[in-house]
Amino acid sequence: MTVYESTLTEANFKSGHIYITSFRDSLPADVFGGSTRNSPPAKRISLAYEDLRVDTYVPTTEDGAPRNFFQNRSFVRAFFEETGASLGDVVVFEQVSPYEFKLSLRRATAMRHPAAPAAGVDGSVTTQFASSILTRDTSRVFIANFGRTNWAWPACLTRNAVATMMDADAFPLWQAGDREGFIAGALKGRTAAGLAPTRSVASRWFNLMTAIADTDGDIWIHREKDQLWWTKSLAGPPIFERQFEPLPDKRDVIICFKACEPWRNATLSGHQLLWKGLHPKAREFLFTEGTLQQLSTENAEYAMALVQDLELEHWHQKAAWRQKIAESKSQAAPLSALSALDKSVLSMIQTAKYTTSVSNGQMAVKFLKNKDLLLSDGDLERLIRELIEMQDQRCALSGLPLQFLGMEADKQMLASLDRIDSNGHYAKGNLQVVCRFINKWKSDMADPEFRRLMNCVQDVERL
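Residue indices begin from 1 for each chain and proceed along its sequence in written order. Local features in a predicted model are, by the rule used here, given only for residues with pLDDT of at least 70; side-chain atom pairs are given and counted only at 80 or more, and totals for whole chains, interfaces and linings are based on all residues. Neither water nor hydrogens contribute to the side-chain values; these are computed over all heavy atoms in the structure.

### A word on the overall build of the protein chain
Line of reasoning, step 1. Helix and strand definitions follow DSSP, with helices as H or I runs of at least four residues and strands as E runs of at least two, each counted in order from the N terminus. In terms of helices and strands, the protein chain carries 14 helices and 14 strands.
Line of reasoning, step 2. Across the 463 residues that make up the protein chain, the buried fraction comes to 46%.
Line of reasoning, step 3. Contact criterion: two residues are considered in contact whenever any of their non-hydrogen atoms come within 4.5 Å of each other. In the protein chain, once contacts between residues fewer than 6 apart in sequence are set aside, the share between residues at least 24 apart is 65%.
Line of reasoning, step 4. Note on areas: Shrake-Rupley with a 1.4 Å probe; residue coverage comes only from the protein chains shown. When the accessible surface of the protein chain is split by element, carbon and sulfur atoms take 53% of a total near 23000 Å². The buried label applies to any residue whose accessible area, calculated with a 1.4 Å probe on protein chains only, is under 20% of its type's maximum; exposed applies above 50%, and partly exposed to all values in between.

Here it is in structure tokens:
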């Protein structure tokens, strides 16, 4: 059986494709074709990863030249999400027949699922800290918070570690590498707000602990109030401990700690890293309201230069960065205790209340749809926050990163509350958070139909 490999690059994640250069020319001739102006080819190639399957083909340019990837992008994006793929990982294509491939992922660094200590037993890490000098081998930069309401940050700071946690009952499945079992169990449960997680959300939960357990030589950045903290993860096994979260629901969890160098709130030269002292453009990507976010190559390079006190001027002179400075100077900046996420949540609540107040079926030019708000302000706020967390701060329909009031780079990307069934009410089970422009585009279209059209747009080859 023939096996081919493709190493993932940043372009793959940006465009939603996987390069097939190593075996494209060995594919059957009748699977090529189908540019935006030509008919699709006679036959298709079948790709499969676990329960993900698609029939696709190799697109061509208008001149008939074959491209270096398969056509279907939604399948590739789902594969990346299901596997938790990262830059440098290798996609393995196992050819079952001339028209069929099974896909798998081999990580750039070996996966580590060490046995956990007995539940409730504290572990300790004895590590000789590596040099704080950042090397060329340091390639990934993560922005992170540690637990709901960031409750594990004090322990991370004290123990010189990064951390994440998951339900104690689900941990044995993760430890055994049983992604499907883990996802199946998660789909049967409910979140603290009583919501059922989607498959993609459950897959991200599985990937999150893997990211912490496997981190080695990565830079981790955390914002705590007006200070920016950073560290570098170290080699060695993670430590697992059983705890009850210090939150009202006291969730029984296994927390994973991974050793890192001592956390710093200053550059290598000793200059304190204050949030208000950062460039406004840098503040857009050096903080996340979610759990974890890996920076793009360009933003990671900026973060690395920042903590090393290297020259930043060539970034600051870019048009987008200069524009952000101009915008920040022209806008009033009153002090506020509310975060960008807080402001967005309150704005969505006010919009929902206004919409329901003016749409009670009265006659204007036409009858407006009757919309009721079936949740109290407090319940709606908790639900919106839960939805944003479950969606990993991404638009439920497009997958694009959500932006929040006061920190937005593009107002069309601001978080907006959408009713899944436009004829229904503002109620639990009928709400999702999307980008503002997506909400406008969807209007009163049925949710399944809009998702179908979004998939069509995402699958179109852009010449």
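### Topic: the pattern of salt bridges
Line of reasoning, step 1. A side-chain nitrogen of Lys or Arg and a carboxyl oxygen of Asp or Glu constitute a salt bridge if their distance falls within 4 Å. This model, assessed by the stated rule, comprises 22 salt bridges.
Line of reasoning, step 2. Among the salt bridges present, the one from Arg140 reaches Asp218, with a minimum N-O distance of 2.7 Å. Of this pair, Arg140 sits in the loop between strand 5 (100-106) and strand 6 (141-144) while Asp218 sits in the loop between helix 6 (199-214) and strand 8 (219-224); the two residues are 78 residues apart in sequence, bridging distant segments of the chain.
Line of reasoning, step 3. Salt-bridge contacts for Asp418 lead to Lys442; the nearest nitrogen and oxygen are separated by 2.9 Å.

### Re helix 8 (residues 297-307)
Line of reasoning, step 1. Among the residues making up helix 8, those that are buried are Ala300, Tyr302, Ala303, Met304, Ala305, Leu306 and Val307.
Line of reasoning, step 2. At the exit of helix 8 stands Asp309, carrying a positive phi of roughly 60°.

### Brief notes about the side chain of His222
Line of reasoning, step 1. Among the secondary structure elements, His222 is positioned in strand 8.
Line of reasoning, step 2. The exposure class assigned to His222 is buried, which follows from its relative accessible area of 0%.
Line of reasoning, step 3. Here a polar contact is recorded for every N or O atom pair within 3.5 Å, except that within protein the pair must consist of a potential hydrogen donor and a potential acceptor, and residues adjacent in sequence are included only if both atoms are side-chain atoms. One polar contact links His222 to Asn145, side chain to side chain, over a distance of 3.4 Å.
Line of reasoning, step 4. Those residues within four positions of His222 in sequence are excluded, and the remaining contacts are Ala144, Asn145, Phe146, Asn150, Trp153, Gln227, Leu228, Trp229 and Trp263.

### A look at the sheet that holds strand 8
Sheets are built from strands paired through backbone hydrogen bonds, the pairs being either parallel or antiparallel.
Line of reasoning, step 1. Taken in spatial order, the four strands of this open sheet run 9-8-6-12, and their pairing is mixed. Looking at the sheet topology across the chains shown, the edges are occupied by strand 9 (227-232) and strand 12 (292-294). Pairs of neighbouring strands in the sheet enclose a mean axial angle of 25°, with direction left out of account.
Line of reasoning, step 2. Only strands that DSSP links by at least two bridges are regarded as paired with each other. Judged from the three bridges that link them, strand 6 and strand 12 form a sheet pairing that is antiparallel. When the bridges of strand 12 are listed, Ala144 appears paired with Leu292.
Line of reasoning, step 3. Helix axes are fitted only over the stretch in contact, all axes being lines through C-alpha atoms; the angle between N-to-C directions runs from 0 to 180 degrees. Strands in contact with helix 8 are strand 6, strand 8 and strand 9; relative to strand 6, the strand with the most contacts, it is inclined by about 85°.

### Focus on the sheet that holds strand 7 (residues 161-167)
Line of reasoning, step 1. Taken in spatial order, the three strands of this open sheet run 7-11-10, and their pairing is antiparallel. The open sheet has two free edges, formed respectively by strand 7 and strand 10 (239-244), since each of these has just one partner strand. Each strand of the sheet is rotated relative to its neighbour by a mean of 30°, with strand direction disregarded.
Line of reasoning, step 2. Direction of pairing for strand 10 relative to strand 11 (residues 252-259): antiparallel, over a ladder of six bridges. Note that in strand 11 the partner of Glu241 across the bridge is Ile255.
Line of reasoning, step 3. On the sheet, helix 6 packs against strand 7, strand 10 and strand 11 and is oriented at approximately 150° with respect to strand 7.

### What about the confidence of the model for the protein chain?
Line of reasoning, step 1. Model confidence for the protein chain is summarised by a mean pLDDT of 81, while 84% of its residues fall at 70 or above.
Line of reasoning, step 2. Across residues 110-133, where pLDDT falls below 50, the model places 47 contacts with residues more than four positions away in sequence or in other chains.
Line of reasoning, step 3. Note that pLDDT drops below 50 for residues 332-336; the model gives that stretch one contact with residues more than four away or on any other chain. Per residue, pLDDT captures the predictor's confidence, and it can take any value from 0 to 100.

### Some points on the environment of Leu234
Line of reasoning, step 1. Secondary-structure assignment places Leu234 in the loop between strand 9 and strand 10.
Line of reasoning, step 2. With 15 residues separating them along the chain, Leu234 and Ile219 place their C-alpha atoms 9.9 Å apart.

### Regarding the nonpolar core
Line of reasoning, step 1. For the purposes of this section, nonpolar cores are sets of buried Ala, Val, Leu, Ile, Met, Phe, Trp, Tyr and Cys residues that join through side-chain atoms within 4.5 Å. Of all hydrophobic cores here, the largest spans 32 residues; its most connected members are Phe146, Trp174 and Trp263.
Line of reasoning, step 2. Taken together, the elements giving at least two residues each to this core come down to strand 6, helix 3 (153-159), strand 7, helix 4 (171-175), helix 6 and strand 11.
Line of reasoning, step 3. Here Phe146 is in contact with Trp151, Ala152, Trp153, Cys156, Val162, Ala163, Met165, His222 and Trp263, once residues within four sequence places are set aside.

### Regarding the pairing of strand 14 (residues 431-435)
Line of reasoning, step 1. With five of its five residues buried, strand 14 lies for the most part within the structure.
Line of reasoning, step 2. Examined bridge by bridge, strand 13 (residues 415-419) and strand 14 share five bridges and lie antiparallel to one another. Looking across to strand 14, one finds that Arg419 is bridged to Leu431.

### A word on helix 5 (residues 179-188)
Given 3.6 residues per turn, any residue in an α-helix points the same way as the ones three and four places further on.
Line of reasoning, step 1. Along helix 5, the positions that sit buried rather than exposed are Arg179, Phe182, Ile183 and Ala186. Take helix 5 and look down its axis: the buried residues cluster within an arc of 95°, on one side only.
Line of reasoning, step 2. Buried positions along helix 5 lie against strand 2 (45-49), helix 2 (73-83), strand 7, helix 4 and helix 6. The reported arc concerns the directions from the helix axis to the C-beta atoms and nothing else.

### A word on unusual backbone geometry
Line of reasoning, step 1. A positive phi is found at Asn160, a non-glycine position, where the angle reads about 55°.
Line of reasoning, step 2. For Asn160, the position within the fold is in the loop between helix 3 and strand 7.
Line of reasoning, step 3. Of note, the phi angle at Asp309 is positive, near 60°, even though the residue is not glycine.
Line of reasoning, step 4. Judged by relative accessible area, which is 32%, Asp309 ranks as partly exposed.

### Digging into the environment of Arg204
Line of reasoning, step 1. Tracing the backbone shows Arg204 in helix 6.
Line of reasoning, step 2. Between the C-alpha atom of Arg204 and that of Thr83, which follows or precedes it by 121 residues, the distance is 8.8 Å.
Line of reasoning, step 3. Setting aside its immediate chain neighbours within four residues, Arg204 contacts Glu81, Met390, Gln391 and Asp392.
Line of reasoning, step 4. Of the polar contacts made by the side chain of Arg204, one reaches the side chain of Glu81; its length is 3.0 Å.

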